[in-house]
Amino acid sequence: MSNNNTLDKLVGASMLVVASAVFLYYTIWTLLLVRYARTPLPVKFENKTYSRMLTLPQPFVDPTHPVQSLFPPRVWAIRIPVILLLLGGAVVGSFLSVVMIRSNRKKAMKARQKEAGKKRS
C-alpha cells in the first residue's frame, strides 16, 4: 500500500512540475515578449488628415535577440490552445457517445429479455 501511495505522489508531483513549466513558458511567450506601444495613425476625413493614436503590440525583446529563437511564431500562441481545445472536445464527445450507445444497447437487451420472458409465461 505504501509503495502505491509513493508512486501516486511521484506522478502527481511530476504532473505539477510539467504543468507549471508549460504555464511559465506560455506566459513568457505571450506576455513578456510583447509590449504595447502607441503609434500615430493618419486618418483622412473630409479632405483633412487627422493623427489618431493606435495601440499596437510590438516586441518587448528585440526581434534579433537570441531569446526569440526559443519561441515559435506568435500565431501559434493562439493556434495551439484552440487545437488542444478542439481535440479535447472531440475526445470527450466521443467518450460520451460511446457510453450512451452502450447504455442504450443494454437497456434494449434487458427490454427484449423481459419481453421474451413474458411470451414464455
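Computed from a prediction, not measured in an experiment: that's the story for all the values here.

A. Fine view of the overall build of the chain. On a plain count of helices and strands, the chain comes out with two helices and two strands. Taken from the N to the C terminus, the helices and strands of the chain come in the order α-β-β-α. Considering the chain as a whole, with its 121 residues, one finds that 7% of them fall into the buried category. At a minimum sequence separation of 6, the contacts of the chain that also span at least 24 residues come to 44%. A total of about 11000 Å² of accessible surface is found on the chain, and carbon and sulfur atoms cover 68% of it.

B. Expanded view of the UniProt feature "transmembrane region" (unreviewed entry) in the chain. Taking the UniProt record as the reference, the feature "transmembrane region" (unreviewed entry) is found at residues 12–34 and 76–101. Regarding residues 76–101, the helix share stands at 100% and the strand share at 0%, and the terminal C-alpha atoms are separated by 37 Å.

C. Structural view of the packing of aromatic side chains. Across all of its chains, the model carries three aromatic pairs by this definition. Here Y25 and W29 contribute two aromatic rings whose centre-to-centre distance is 6.2 Å and whose plane-to-plane angle is 45 degrees, an arrangement assigned as tilted. With Y25 and W29 both in helix α1 (residues 2–32) and four residues apart, the pair spans about one turn of that helix. In this structure Y25 comes out as partly exposed when scored by relative accessible area, which is 36%. Take W29: its relative accessible area is 4%, and that puts it in the buried class. Here a set of aromatic residues connected by ring pairs shows up, and it is made of Y25, Y26, W29 and F71. In this structure, R79 is placed above the aromatic ring of W76, and the distance from its NZ or CZ to the ring centre is 4.9 Å.

D. A look at a nonpolar patch on the surface. A contiguous nonpolar surface patch, about 540 Å² in accessible area, is contributed by V75, W76, I80, I83, L84 and L87. Residue L87 is classed as exposed on the basis of its relative accessible area, which comes to 51%.

E. Spatial organisation of a positive patch on the surface. Taken together, the side chains of R102, R105, K106 and K110 present a region of like positive charge at the surface. Mapping K106 onto the fold places it in helix α2 (residues 76–120). The exposed category is assigned to K106, whose relative accessible area is 60%.

F. Broad picture of the side chain of T30. Relative to the helices and strands, T30 is located in helix α1. The exposure class assigned to T30 is buried, which follows from its relative accessible area of 17%. Here T30 is in contact with R74 and A77, once residues within four sequence places are set aside.

About the cut-offs
- Residues numbered from 1 in each chain as written.
- Predicted model: local features only at pLDDT ≥ 70, side-chain atom pairs only at ≥ 80, totals over all residues.
- Heavy atoms only, no water.
- Helix = DSSP H or I, 4+ residues; strand = E, 2+ residues; numbered from the N terminus.
- Buried < 20%, exposed > 50% of the residue type's maximum accessible area, 1.4 Å probe, protein only.
- Contact = heavy atoms within 4.5 Å.
- Areas by Shrake-Rupley, 256 points an atom, 1.4 Å probe, with all protein chains shown as cover.
- UniProt positions renumbered as here; feature names shortened; annotations may be inferred.
- Phe/Tyr/Trp six-rings, centres within 6.5 Å; stacked < 30°, edge-to-face > 60°.
- Lys NZ or Arg CZ within 6 Å of the ring centre and 35° of its normal.
- Patch = residues over 30% accessible without salt bridge, like charges linked within 9 Å, V, L, I, M, F, W, Y side chains within 5 Å.
- Salt bridge = Lys/Arg side-chain N within 4 Å of Asp/Glu carboxyl O.
- Lys, Arg positive; Asp, Glu negative; His and termini not counted.
- Charge placed at Lys NZ, Arg CZ, Asp CG, Glu CD.

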